[in-house]
There are 2 protein chains.
Amino acid sequence: MKQYECFELALPGREPVGSQAAADLAATFHLRGKQTEVKGFYAGNGAYKVRFYPQSVGTYHYEIHGAAQASGEIPCVAADALHHGMVRAQGTHFVYEDGSKYIPFGTTVYALVHQKKSLVDRTMKTLRASPFNKVRLCVFPKHYEFNENEPEFFAFGKTDGKWDFDKPCFAFWDQLEARIVELGAMEVEADLILFHPYDRWGFSSISKADCFKYLEYSVRRLSAFPNVWWSLANEYDLMDRFGAEWWPEFAAFLGRKDPYKHLLSNHNCLKLWDFCNPDTTHCCIQSQRVDETPYWARKTCKPVIYDEMCYEGNIKHDWGNISAFEMINRFWKVCTLGGYGTHGETYMDPLDILWWSKGGTLKGESPKRIGFLKNLLYSLPGPLEFHREGLALDADSYDEMHTGKAFRGEAIDPFFRSMLDLSREDLIKYAADWRQYAGHIGDIVFLNYYARHCTCAAELNLPENGTYTVEVIDVWEMTRKTVSADARGKVEIALPGKEGMAVLAIRNDR
Amino acid sequence: MKQYECFELALPGREPVGSQAAADLAATFHLRGKQTEVKGFYAGNGAYKVRFYPQSVGTYHYEIHGAAQASGEIPCVAADALHHGMVRAQGTHFVYEDGSKYIPFGTTVYALVHQKKSLVDRTMKTLRASPFNKVRLCVFPKHYEFNENEPEFFAFGKTDGKWDFDKPCFAFWDQLEARIVELGAMEVEADLILFHPYDRWGFSSISKADCFKYLEYSVRRLSAFPNVWWSLANEYDLMDRFGAEWWPEFAAFLGRKDPYKHLLSNHNCLKLWDFCNPDTTHCCIQSQRVDETPYWARKTCKPVIYDEMCYEGNIKHDWGNISAFEMINRFWKVCTLGGYGTHGETYMDPLDILWWSKGGTLKGESPKRIGFLKNLLYSLPGPLEFHREGLALDADSYDEMHTGKAFRGEAIDPFFRSMLDLSREDLIKYAADWRQYAGHIGDIVFLNYYARHCTCAAELNLPENGTYTVEVIDVWEMTRKTVSADARGKVEIALPGKEGMAVLAIRNDR
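Residues numbered from 1 in each chain as written. Chains lettered and ligands numbered in written order. Predicted model: local features only at pLDDT ≥ 70, side-chain atom pairs only at ≥ 80, totals over all residues. Heavy atoms only, no water.

Some remarks on the overall build of chain A
Within chain A, the regular secondary structure consists of 11 helices and 29 strands. Here the C-alpha radius of gyration of chain A, 25 Å, is about what a compact globule of 510 residues would show, namely 24 Å. Considered along the principal axes of its C-alpha atoms, chain A spans approximately 80 × 50 × 45 Å. Here chain A holds 510 residues, and 64% of them are scored as buried. When the accessible surface of chain A is summed, it comes to about 19,000 Å², and 52% of that surface belongs to carbon and sulfur atoms. (Helix = DSSP H or I, 4+ residues; strand = E, 2+ residues; numbered from the N terminus. Rg over C-alpha atoms; globule rule 2.2 N^0.38 Å. Buried < 20%, exposed > 50% of the residue type's maximum accessible area, 1.4 Å probe, protein only. Areas by Shrake-Rupley, 256 points an atom, 1.4 Å probe, with all protein chains shown as cover.)

Next comes the structure, spelled out in structure tokens:
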């Protein structure tokens, strides 16, 4: 048993009578008074399995009961340098369980596991060479434009022509798990989408009872894999055969059944999920409005991921035809606002192999530039927070503005006074028009991004009580140029007057 | 006297006693029972002038009374091909008085007339070679960054160190008028800004009585010039020394005093002017939110001009550093939404001569591309209206959407049903995120602009009862390529998958 790695015990037993999903198998792992209950599962071929995720080092005592029985002691050795444990939310950011950095730079391959092995292998190879450390993928196959192929396996079998959620397809789960493990080995989180509406097989119209059978089975099999995140759905709000009230129940069910409390969220088409839901660990947003990042961070006190902010590509759907520049523009915006973004790619392909759904190879220009941003953010001494400086023209400060609280000394200025004449709605719109992209880490790091503004100069307002090294960054050309080694206070930094420039100031005496 | 040209009568007289602005001089022009009252003015050097703008052909009888007296008959000959009369609002568009096309493509040179003659001459030369047919310019000088110079003349003189609005500076008005006439000769409308807050001389803090003296004098001198538009202010809402209630009074005053009813509007910084004001002829908007064009057109039933939608340039202010592409991107958006845009340019200059304020020469890449759009729009058989097709995702249709009225057959679609779950605010935002830029002229012309969407194909839904010639337009490269001569119904047009593409379909049998 190794800390932060899935531990599996296989035990022979008789094939379950009745449900093969809800097999009668449970285990308890004890360590220094702490007891973890897990459920096992029937894995086919007369084998039962129990999986456990050891978070701490020490000698565990375990007892297995039910269809198979065993007990014993197993030492758990400390994690090696390659295993950091599960990713946890920490404030509005993430961190690995061992305290090491995790900054999500996700991508999207919805039907990753529903392709031929050779294509999935190619996808994994591409991911390995990519900057991405999270991938959104579905359990159920996808029916949509460019997605007409029949998968080799489904998660469950049929009885009398109907999906039978007591009859898991072991081959499906084996291959899904193998890919999750493979992703884990390359330090990629598997943001696992449990439901979605793009369906011709019937998985989007199953009963609530079947949903719970499926969730229960997923927890039994998958929760010991540290790199699993639960994404309740892709576009939950389009699943009109599901009751709206089912979703919080699913979240609560997973929150209760999952012994390790994996990250959990839910992805919208139009109506955002209630991220204040107690079992939801972070915001998973489909929206182009990345400027609202500080609003969601402030409202939820949870990390904010724009898991869909349109895809780099050239398909006819407007959600799938932004330029590579616009893709990275959104990444830079969301990151300097204290949030995170997710990539997707939808370039037309003669074989209909579009990365966003089937994987394969990446064609676009944004991934390497996302890698550039990722390296930069990983090099910083902590996560970026949005830097509300002076009068923050962000939507979440409208009430302060409107009541005049945010004005302080500026109240004599006609500009600020005329802001008070705006309606709340207009003030929010106005604020959004003039959003500044400014991240900081205390007074240690300031990272301003100028987006599409072609300014000839950046004005920094650095603390006076220290000196800063200032770099000019070209986010497209991926260049970093040090322009000052000892900046302090108000400084003006010359910029080339083009789109996609950023300025980074790092304190020298940190 | 020539139709559509300013007619001027000069009469000798004694210098006025008291106000030189409110000289006792009036005239009546009679033509076929229609009588026009105009006021004259004292022009200095013992000369009084009466200006009249003849809209109709015929023999006018006139009588002048007051400080100078005269009467007589003057034939007015029909306009030549170079004179089209005043620009009028017609629905949500504009037209010259003689019925010929006027499609505004304005630019901005605020302090045009407050520069040295050589610079103003250069500006006029630049304008002559430019695509612009409207220029926004101020009567009062401008004090602002890059605008430190003292003008040669002010509109009024001083008495005891205070501006005296009974003492016009004739030299100022003479040169202003010469420039207005010069603009008229090149078919450029003078969108004359009467007040503005960027001031170190005191013109932004004059009394209401002085405002009316100034407006009265402006009407007497300028209203006979057909190419004058009254712009009450630049950023009226920042003029905190003026009462908010003055502005509708100014509008009403001009509406009453101006015999010809020149176009009139008012320009905001933050809070948009009330364009439903009865004396206001069109919307003059400062905002980046050109997507709201259809909303304003529908709300006001007046033409919509985004007279400030940021400027091409590289200065530090975010309103003055958008790229040339973004400038034309906004022009194409606003025009395909049935509105109009105004250009401005703010490139840093070693002599601080920035086009937006002082004029000079244009440095940017957008003007010629604005000219390309202008030529295209002028070649069409009428003005573009926004094409609300199917479910129009525009802000002004939110109520229809919310009540489900706009859904018709789509009500069974989960996507449309989930739209109904959005709050009104979220629905408006969502609609704005997916704005389509589609203009049309009945079923004669369809012009779709894809903005920053890099789609590989355009889908047109043309009428079935005719055939269309379809062109693919690259708005940056300024190319037009005919791709079909006989399209009808649903057609798909291949596009190169880059930003800034448009598709134009024109009916063949029109």
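A short note on the side chain of A:Asp474
Residues and elements named next belong to chain A. When you line up the elements, Asp-474 lands in strand β26 (residues 468-474). Taking the relative accessible area as the measure of exposure, Asp-474 reaches 7% and is therefore buried. Each residue touching Asp-474, except ones within four places of it in the same chain, is listed here: Phe-372, Thr-479, Lys-498, Gly-500 and Met-501. (Contact = heavy atoms within 4.5 Å.)

Looking at the relation of the copies chain B and chain A
When chain B is brought onto chain A, the operation consists of a screw motion whose angular component is 180° and whose axial shift is 0.0 Å, with 0.0 Å RMSD remaining. Here the two chains are linked by the operation of a two-fold rotation axis. Considering only C-alpha atoms, the part of chain B nearest the rotation axis is B:Glu425, at 4.4 Å. The overlap is high: 100% of the interface residues of chain B also sit at the interface in chain A, so the same surface is used on both sides. (Least-squares fit on C-alpha atoms with pLDDT ≥ 70 in both.)

Remarks on helix α3 (residues 208-222) of chain B
Residues and elements named next belong to chain B. Between its first and last C-alpha atoms α3 spans 21 Å; for 15 residues at 1.5 Å apiece the expected length is 21 Å, and the two agree. Burial of α3 is extensive: 12 of the 15 residues sit out of reach of the surface. Every buried residue of α3 is listed here: Asp-210, Cys-211, Phe-212, Tyr-214, Leu-215, Glu-216, Tyr-217, Ser-218, Val-219, Arg-220, Arg-221 and Leu-222. (Expected span 1.5 Å × (residues − 1).)

Description of the interface of chain B and chain A
Tallying the contact residues gives 44 residues for chain B and 44 residues for chain A. Taken together, both faces of the contact between chain B and chain A bury some 3,900 Å²; the carbon and sulfur share is 55%. Between the two partners, chain B and chain A, sit 10 salt bridges. Notably, a salt bridge pairs B:Lys316 with A:Glu492, separated by 2.5 Å at the nearest N-O pair. Linking chain B with chain A are 22 residue pairs in polar contact (both at pLDDT 80 or more). Of all the secondary structure elements, the ones that give two or more residues to the side of chain B that touches chain A are α10 (414-419), α11 (424-433) and β25 (457-461) of chain B. Per-element accounting of the side of chain B that touches chain A gives the leading share, five residues, to α10(B). Taken together, the residues of the side of chain B that touches chain A break down into 17 nonpolar, 11 polar and 16 charged. (Buried area = accessible area lost by both parts, 1.4 Å probe. Salt bridge = Lys/Arg side-chain N within 4 Å of Asp/Glu carboxyl O. Polar contact = N/O pair within 3.5 Å; in protein donor to acceptor, adjacent residues only side chain to side chain. Nonpolar A, V, L, I, M, F, W, Y, C, P; charged D, E, K, R; others polar.)

Some thoughts on the environment of A:Gln20
Residues and elements named next belong to chain A. With respect to the helices and strands, the residue Gln-20 is situated in the loop between β1 (7-12) and β2 (25-31). Considered as a pair, Gln-20 and Asn-508 are 488 residues apart in the sequence and their alpha carbons are 61 Å apart. Ignoring sequence-local partners within four residues, the contact set of Gln-20 consists of Glu-15, Tyr-42, Asp-166, Pro-168, Phe-170 and Tyr-217.

Digging into the pairing of strand β14 (residues 189-195) of chain A
Residue and element names in this part refer to chain A. In terms of burial, β14 is largely enclosed, as seven of its seven residues are buried. With five bridges connecting them, strand β11 (residues 134-138) and β14 associate as parallel partners. Across the sheet, the residue bridging to Lys-134 is Glu-189, located in β14. Bridge count for β14 against strand β15 (residues 228-233) is five bridges, and the pairing is parallel. By the bridge assignment, Ala-190 is partnered in β15 with Val-228. (Pairing = 2+ DSSP bridges.)

Comments concerning the sheet that holds strand β5 (residues 47-52) of chain A
All names here are of chain A. The antiparallel open sheet is built from three strands, whose spatial order is β1-β5-β4. Each edge of the open sheet carries a strand with a single partner, namely β1 and β4 (41-42). Strand direction decides the pairing type here: β1 and β5, joined by six bridges, are antiparallel. Within the sheet, the bridge partner assigned to Phe-7 lies in β5 and is Phe-52.

Considerations on the state of the cysteines
Summed over all chains, the structure comprises zero disulfides over all chains. A disulfide-free cysteine, B:Cys284 has its sulfur positioned 9.0 Å from the sulfur of B:Cys283, the nearest such atom. The thiol of B:Cys310 is unpaired, and the distance to the nearest cysteine sulfur, on A:Cys454, comes to 11 Å. (Disulfide = S-S within 2.5 Å.)

Examining unusual backbone geometry
The phi dihedral of A:Asp352 is positive, around 60°, even though this residue is not glycine. Structurally, the position occupied by A:Asp352 is in the loop between β21 (345-346) and α7 (355-358). Phi angles above zero are rare outside glycine, and B:Glu235 is one such case at about 55°. Residue position: B:Glu235 is located in the loop between β15 (228-233) and α4 (246-257).

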